[in-house]
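Survey of secondary and tertiary structure
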Amino acid sequence: MESGYFDRSLEAYGQTGRPCRRCGTAIRREEFTNRSSHFRPRCQPAPRVPRV
C-alpha cells in the first residue's frame with residue numbers, strides 16, 4: 001500500500017475554485033471550528049456547523 005493513495009479518489013478536497021466534474025459549479029472550502037471542508041454546492045449539501 002502506498003502512502004497518500006486516498007487523495008486519488010477524492011473529488012472535492014483540495015480543489016477549491018475548480019469546477020465540479022458533475023455540474024461545473026466551483027468547489028468551495030468552508031472553515032469552521034479550526035477545521036475546514038471542501039464541497040460542491042449543487043451536488044452536496046453544505047457541511048453542518050456544530051452548535052456551540
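To start, this report covers the structure provided alongside it. (Residues numbered from 1 in each chain as written. Predicted model: local features only at pLDDT ≥ 70, side-chain atom pairs only at ≥ 80, totals over all residues. Heavy atoms only, no water.)

**As for the overall build of the protein**
A count of helices and strands for the protein gives 0 helices and 2 strands. Looking at the protein as a whole, 15% of its 52 residues qualify as buried. Looking at the protein alone, contacts between residues at least 24 apart form 12% of all its contacts between residues at least 6 apart. When the accessible surface of the protein is totalled, it reaches about 4,700 Å², and 45% of it is carbon and sulfur. (Helix = DSSP H or I, 4+ residues; strand = E, 2+ residues; numbered from the N terminus. Buried < 20%, exposed > 50% of the residue type's maximum accessible area, 1.4 Å probe, protein only. Contact = heavy atoms within 4.5 Å. Areas by Shrake-Rupley, 256 points an atom, 1.4 Å probe, with all protein chains shown as cover.)

**Considerations on the pattern of salt bridges**
Inspection of the entire model under this criterion finds 2 salt bridges. Between E30 and R28 there is a salt bridge, with the nearest N and O atoms lying 2.5 Å from each other. Look at R28 and you get partly exposed, because its relative accessible area is 42%. Notably, a salt bridge pairs R29 with E31, separated by 2.9 Å at the nearest N-O pair. Overall, the relative accessible area of 59% leaves E31 in the exposed class. (Salt bridge = Lys/Arg side-chain N within 4 Å of Asp/Glu carboxyl O.)

**Digging into the side chain of H38**
Along the chain, H38 turns up in strand 2 (residues 35–39). According to the relative accessible area criterion, H38 is buried, its value standing at 14%. Polar contacts involving the side chain of H38 include one to the main-chain amide nitrogen of G14, which spans 3.4 Å. When residues no more than four places from it in sequence are discounted, the contact partners of H38 are A12, Y13, G14, Q15, T16, I27, R28, R29 and Q44. (Polar contact = N/O pair within 3.5 Å; in protein donor to acceptor, adjacent residues only side chain to side chain.)

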